[in-house]
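Below, each chain spelled out in residue letters.
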Amino acid sequence: GVPVGAFLASDFVAIPAGEFMMGSSSGPIDERPRHRVRLTRGFEMGKYEVTQERWKAVMRANPSYFQGDDRPVINVSWNDVQEFLKRLNAINDGYRYRLPTEAEWEYAARAGSTADAVGDLDAVAWYAANSGDQTHPVGGKRANAWALYDMLGNVWEWCADWYAKDYYANSPINDPQGPASGTTRVQRGGSWINDPGDLRLAGRYGDFPVGRYQGTGFRLVREVR
C-alpha cells in the first residue's frame with residue numbers, strides 16, 4: 001500500500017473558473033491564432049512539480065537522473081504518469097488526480113498575465129543560464145500571481161492533451177480537451193536545459209508519450225470526486 005495522504009491539501013492551489021486569451025499572435029505558428037478560452041469549472045493545481053519523494057511514495061521507485069527528494073521527478077514518460085495516476089487514484093481519498101489540460105496549464109501559468117513571456121525570468125525560473133545544468137528543488141524561485149511555483153523552467157510538464165500544431169484554429173471556447181487523437185502529447189514550460197525562447201507562457205511542445213527525458217516531469221490537478 002500507498003500511504004494515504006501522500007498528497008496534502010497544502011500541496012494544491014485553488015484555481016478559479018474564468019476566461020483568458022490563449023496562445024500568441026506573434027509566436028510560432030502552433031501558438032496561433034490567439035483565441036478565447038473559457039474554463040467553466042475551477043480546479044486545484046499542484047503548487048509544485050511532483051517531487052521524487054511523492055513519486056516514490058506511490059511507485060516505490062525513482063527513475064530520476066538528478067536525485068533528491070525535493071527535486072522534480074524526471075525520466076517519466078507520459079505513459080508512466082498514467083500508471084502513477086492509476087495507483088494514486090486507487091487510494092480513493094475523495095479526489096480524482098489527473099494531468100492538467102493544456103488550456104488549464106496555460107491559464108494557471110499566466111495567472112492573469114496577457115504577455116507571451118515573463119519579464120524577470122531569473123526570478124521565477126531555472127533555465128540554461130542559471131541552473132548549473134541540473135534540476136533544482138521545487139519552489140526555489142518566486143511563485144506566480146496564483147502562488148504556483150516553477151511553471152516555467154526546472155522541468156517541462158506533461159499535459160493531458162494530444163499535441164497538434166493547428167489545434168488552436170479548431171479549439172472550442174469552453175474547456176478545450178485537445179485533439180481527439182495524435183502521436184505526441186503536450187509538454188509545457190521549458191526546463192533547466194532550455195534557453196528563454198522555450199520558457200514562454202504561450203510556448204508549446206509535443207513529445208512521444210513513451211519518451212523519458214531528464215528535462216521532463218509533471219504537476220497534478222485534483223478535483224473532488
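Just so it is clear, the model here is predicted, and its values are computed rather than measured.

Peer 1: Which parts of the structure should I look at to understand helix α2 (residues 78-90)?
Peer 2: In an α-helix, one turn spans 3.6 residues; hence positions three or four apart end up facing the same way. For α2, which comprises 13 residues, the first-to-last C-alpha distance of 19 Å matches the rise-based estimate of 18 Å (1.5 Å per residue) to within 8%. When α2 is considered as a whole, its buried residues turn out to be Trp78, Asp80, Val81, Phe84, Leu85, Leu88 and Asn89. Seen end-on, α2 carries its buried residues on one side only, within an arc spanning 165 degrees. Exposed residues lying more than 90 degrees from the buried face of α2 are Lys86 and Ala90. Summarising the contacts, the buried residues of α2 are in contact with α1 (52-59), β5 (95-98), β6 (156-162) and β7 (185-188).

Peer 1: Explain the packing of aromatic side chains here, please?
Peer 2: The description of two aromatic rings rests on the distance between their centres and on the angle between their planes. One pass over the full model with this rule turns up eleven aromatic pairs. Ring centres of Trp55 and Phe218 lie 5.9 Å apart, and the angle between their planes is 75 degrees; on these two criteria the pair is classed as edge-to-face. On the criterion of sequence distance, the pair formed by Trp55 in helix α1 and Phe218 in the loop between β9 (216-217) and β10 (221-224) is long-range, its members being 163 residues apart. Just as Trp55 is buried, Phe218 falls in that class too. Ring centres of Phe84 and Phe218 lie 5.4 Å apart, and the angle between their planes is 75 degrees; on these two criteria the pair is classed as edge-to-face. Of the two residues, Phe84 is situated in helix α2 and Phe218 in the loop between β9 and β10; the sequence distance between them amounts to 134 residues.

Quick notes on the rules
- Residues numbered from 1 in each chain as written.
- Predicted model: local features only at pLDDT ≥ 70, side-chain atom pairs only at ≥ 80, totals over all residues.
- Heavy atoms only, no water.
- Helix = DSSP H or I, 4+ residues; strand = E, 2+ residues; numbered from the N terminus.
- Expected span 1.5 Å × (residues − 1).
- Buried < 20%, exposed > 50% of the residue type's maximum accessible area, 1.4 Å probe, protein only.
- Arc of directions from axis to C-beta.
- Contact = heavy atoms within 4.5 Å.
- Phe/Tyr/Trp six-rings, centres within 6.5 Å; stacked < 30°, edge-to-face > 60°.

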